[in-house]
Amino acid sequence: MEPEKPSQQIILNRTRSNSIEFGTQQLELVLPRGRDCEFPIEVINYGTPARVYLAPSHEIETDVRFPENDFVAVGKTVITAIVNIDTMRHGKISVTIGYGANAGSFDLNLAAEPYQNIEVDPGLGVPGTLSRHHVMSRVRMPAAVKAFGALMTILVILSLLTDAIPASVGAISATLLLAILIMYFLAPYT
């Protein structure tokens with residue numbers, strides 16, 4: 001949270017004793033969602049030191065807080081409100097001076113920034129173009145081994161379901177098919 005240029009000015013004792021004026025009567029702030037943000041307020045007192053109390057209205061009391069409230073304003077003072085919002089809010093900030101001698105308020109409209117898109121490295125979506133990551137894959141089986149495996153599978157099925165293939169050929173085919181599967185699963189990764 002870094003301090004910013006004051007968003008609002010409260011001017012005290014300029015026109016008469018215990019008078020309150022505002023730089024703007026309606027203030028709108030657009031702030032990031034869900035984070036504590038500083039909202040600086042500059043209090044300028046043209047008269048004798050005055051006790052100042054700030055209070056958010058009930059509509060925004062859970063969103064706005066004043067860590068340094070109920071202070072004495074002498075000359076120029078900058079105080080900070082902490083604002084944390086998730087959605088749009090409307091309310092007032094009341095200013096009371098001189099132990100209740102005078103009070104005033106200004107409207108405060110709080111708007112949350114739209115959700116931000118998360119930037120993603122485009123290279124992460126296309127295998128083979130990753131810059132810092134290595135994708136592991138199995139060594140490819142040659143086409144001849146795949147064809148031989150398919151032939152052994154067919155011979156095993158035919159020997160089990162029909163009498164066209166002798167049982168000994170089916171047993172040899174099953175053994176060879178098992179050897180191909182073991183070779184595939186034991187093949188190294190690259």
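The text that follows walks through the structure, step by step, so that each part is easy to find. (Residues numbered from 1 in each chain as written. Predicted model: local features only at pLDDT ≥ 70, side-chain atom pairs only at ≥ 80, totals over all residues. Heavy atoms only, no water.)

### Regarding the nonpolar core
Phase 1 of the analysis: With 29 residues, the main nonpolar core has Ile10, Phe39, Leu54, Val64, Leu108 and Leu110 as its most contacted residues.
Phase 2 of the analysis: In contact with Phe39, not counting residues within four places along its chain, are Ser7, Gln8, Leu27, Leu29, Ile79, Thr80, Ala81, Val83, Phe106 and Leu108. (Core = buried A, V, L, I, M, F, W, Y, C linked by side-chain atoms within 4.5 Å. Buried < 20%, exposed > 50% of the residue type's maximum accessible area, 1.4 Å probe, protein only. Contact = heavy atoms within 4.5 Å.)

### A look at the side chain of Ser19
Phase 1 of the analysis: Of note, Ser19 is situated in the loop between strand 1 (8–12) and strand 2 (20–22).
Phase 2 of the analysis: The class for Ser19 is buried, based on a relative accessible area of 2%.
Phase 3 of the analysis: From its side chain, Ser19 meets the backbone oxygen of Arg16 in a polar contact 3.1 Å long. (Helix = DSSP H or I, 4+ residues; strand = E, 2+ residues; numbered from the N terminus. Polar contact = N/O pair within 3.5 Å; in protein donor to acceptor, adjacent residues only side chain to side chain.)

### Details of the sheet that holds strand 8 (residues 76–83)
Phase 1 of the analysis: Read from one edge of the open sheet, five strands run 2-1-4-8-6, paired in mixed fashion. With one partner strand each, in any of the chains shown, strand 2 and strand 6 (64–65) form the two edges of the open sheet.
Phase 2 of the analysis: Here three bridges tie strand 1 to strand 2, and the two strands are oriented antiparallel to one another. Bridge assignment links Ile10 to a residue of strand 2, and that residue is Phe22. (Pairing = 2+ DSSP bridges.)

### Details of unusual backbone geometry
Phase 1 of the analysis: Of note, the phi angle at Asn13 is positive, near 55°, even though the residue is not glycine.
Phase 2 of the analysis: Structurally, the position occupied by Asn13 is in the loop between strand 1 and strand 2.
Phase 3 of the analysis: Positive phi outside glycine occurs at Tyr99, with the angle close to 55°.
Phase 4 of the analysis: Counting through the fold element by element, Tyr99 comes out in the loop between strand 9 (89–97) and strand 10 (102–112).
Phase 5 of the analysis: On the accessibility criterion, Tyr99 (70% relative accessible area) is exposed.

### Quick look at the packing of helix 1 (residues 143–161) against helix 2 (residues 167–186)
Phase 1 of the analysis: Two elements in contact, helix 1 and helix 2, have axes whose closest approach is 8 Å; the angle formed by their N-to-C orientations is 145°. Between helix 1 and helix 2 the crossing geometry is left-handed. Between helix 1 and helix 2, the residues in contact are Val145, Phe148, Gly149, Met152, Thr153, Leu155, Val156 and Ser159 and Gly170, Ser173, Ala174, Leu176, Leu177 and Ile180, respectively.
Phase 2 of the analysis: Taken together, the residues of the contact of helix 1 with helix 2 break down into nine nonpolar, five polar and no charged. (Axes fitted to C-alpha atoms, helices over the stretch in contact; angles between N-to-C directions. Left-handed = near helix turned anticlockwise from the far one by under 90°. Nonpolar A, V, L, I, M, F, W, Y, C, P; charged D, E, K, R; others polar.)

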